[in-house]
Amino acid sequence: MIQTNPRCSTCRVRNYSVLSNCSNDILEALSDNKKYRHFQKGERLLIEGQRGGGIYFIRSGIAKVEVNGKSGRPLILRLAGAGSIFGYRMFGSKNEQPVSVEAVEDLYVCHTTLAFYDQLVKRSPVLHKEMMQLLLNEIRQVELHAVRLTHLSVKERVAGALLEIAKLYHYQPGSNGIRVHLERQDLADLSGTTKEQVSRMLAGLQRAGFIKLSGKHFKFLDLNSLQSITAFH
């Protein structure tokens, strides 16, 4: 589904994306050469192993970034919200996409071609610097995720996933909670465990008073207690 393009210069999420410090001419060029698109839950923006795909900026909604696991189940590397960018890891090559990106709720994105975005990066030292920093940050996040999966217990990993979700959905203590669109299997894939273990861990955290959960509605999250469970958050 394609809709009218929002302008990058007035976009409400630009200030927390790689475009935050770009000059107006770069923003206008991108605005003129992108399409605004809608993806429904379960639709994929990028598919691991495919060639091409282009560049995607999330304007609203949540996506999951995953790779195929040896067990046949995907491993979710991270969740991503407004301001995130995908597709850039194919710059300067004909390599296949290293990850899949799938909408976990209604997702609105801006899309442009890899070739055009590559030209913008070459034109703008500021954007080039932001992209390099983004790559370094992503490498660090993947390293930390690998450490968590290797060294943390299932309880610690599930608590860490809940903290990640709370941050992504901008959970505030004292609010009415958050309604997430993730399935139990998504939580399992993010935590590197099984759906059954996730259900047991959530039940245990609820008995301990660390969370209050009704279906997909997290009515309460004790962030300090969840923080105390895992040393990596």
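Owing to the predicted nature of the structure, the values given are computational and were not obtained by experimental measurement. (Residues numbered from 1 in each chain as written. Predicted model: local features only at pLDDT ≥ 70, side-chain atom pairs only at ≥ 80, totals over all residues. Heavy atoms only, no water.)

## Here's the deal with the packing of helix H1 (residues 24–32) against helix H2 (residues 114–123)
1) Next: As a packed pair, H1 and H2 sit with axes 11 Å apart at the nearest point and diverge in direction by 175 degrees. For the element pair H1 / H2, the angle class is roughly antiparallel. In this structure, H1 contributes Asp-25, Ile-26, Ala-29 and Leu-30 to the contact, and H2 contributes Phe-116, Leu-120 and Arg-123.
2) Next: In terms of residue class, the contact of H1 with H2 is made up of five nonpolar, no polar and two charged. (Axes fitted to C-alpha atoms, helices over the stretch in contact; angles between N-to-C directions. Helix = DSSP H or I, 4+ residues; strand = E, 2+ residues; numbered from the N terminus. Parallel < 35°, antiparallel > 145°, perpendicular 65-115°, else oblique. Contact = heavy atoms within 4.5 Å. Nonpolar A, V, L, I, M, F, W, Y, C, P; charged D, E, K, R; others polar.)

## Re the nonpolar core
1) Next: The biggest cluster of nonpolar side chains holds 30 residues, and the ones touching the most others in it are Ile-165, Ile-178, Leu-202, Ile-211, Leu-221 and Leu-226.
2) Next: When residues of this core are assigned to their parent elements, the largest contribution, nine residues, is made by helix H4 (residues 154–168).
3) Next: Excluding residues that lie within four positions of it along the chain, Ile-178 makes contacts with Ile-165, Ala-166, Tyr-169, Tyr-171, Lys-216, His-217, Phe-218 and Leu-221.
4) Next: Counting residues in each nonpolar core, the second largest holds 20 residues, with Cys-22, Ile-26, Ala-29 and Leu-30 among its members. (Core = buried A, V, L, I, M, F, W, Y, C linked by side-chain atoms within 4.5 Å. Buried < 20%, exposed > 50% of the residue type's maximum accessible area, 1.4 Å probe, protein only.)

## Digging into the sheet that holds strand E11 (residues 211–214)
1) Next: Read across the sheet, three strands follow the order E10-E12-E11 without closing on themselves; strand pairing throughout is antiparallel. Of all the strands in the sheet, the pair left with one neighbour each is strand E10 (178–179) and E11.
2) Next: Judged from the two bridges that link them, E10 and strand E12 (residues 217–221) form a sheet pairing that is antiparallel. Its bridge partner lying in E12, Arg-179 is registered against His-217. (Pairing = 2+ DSSP bridges.)

## Considerations on unusual backbone geometry
1) Next: Phi is positive for His-170, which is not a glycine, with a value near 55 degrees.
2) Next: Structurally, the position occupied by His-170 is in the loop between H4 and E10.

## Section: the pairing of E12
1) Next: Relative to E12, E11 runs antiparallel, the two sharing four bridges. Each residue of the ladder has a partner; that of Ile-211, found in E12, is Leu-221.
2) Next: Hairpin connection from E11 to E12: two residues lie between these consecutive antiparallel strands, with Gly-215 at a positive phi of about 65 degrees.

## Concerning the environment of Lys-167
1) Next: Mapping Lys-167 onto the fold places it in helix H4.
2) Next: Expressed as a C-alpha distance, the spacing of Lys-167 and Leu-223, which sit 56 residues apart in the sequence, is 10.0 Å.

## Brief notes about the sheet that holds strand E8 (residues 100–103)
1) Next: If you trace the four strands from one edge of the open sheet to the other, you get E3-E8-E5-E6, paired in antiparallel fashion. In this open sheet, the two edge strands, each paired with only one partner strand, are strand E3 (44–46) and strand E6 (74–80). On average, each strand axis in the sheet is tilted by 30 degrees relative to the strand beside it, whichever way the strands run.
2) Next: Relative to E8, strand E5 (residues 63–68) is paired through four bridges, and the arrangement is antiparallel. Bridged to Val-65 within E8 is Val-101.

## Considering the side chain of Asp-186
1) Next: Note that Asp-186 resides in helix H5 (residues 184–191).
2) Next: Looking at Asp-186, the relative accessible area reads 8%, which means it is buried.
3) Next: Those residues in contact with Asp-186, other than ones at most four positions away along the chain, are Lys-64 and Ile-76.

## Here we look at H5
Side chains of residues three or four places apart in an α-helix project in the same direction, reflecting 3.6 residues per turn.
1) Next: A large share of H5 lies buried, amounting to six of its eight residues.
2) Next: Taken together, the buried positions of H5 are occupied by Asp-186, Leu-187, Ala-188, Asp-189, Leu-190 and Ser-191.
3) Next: Those residues of H5 that are buried are in contact with E5, E6, helix H3 (125–151), H4 and helix H6 (195–207).
4) Next: Phi turns positive, to about 70 degrees, at Gly-192, one or two residues after H5.

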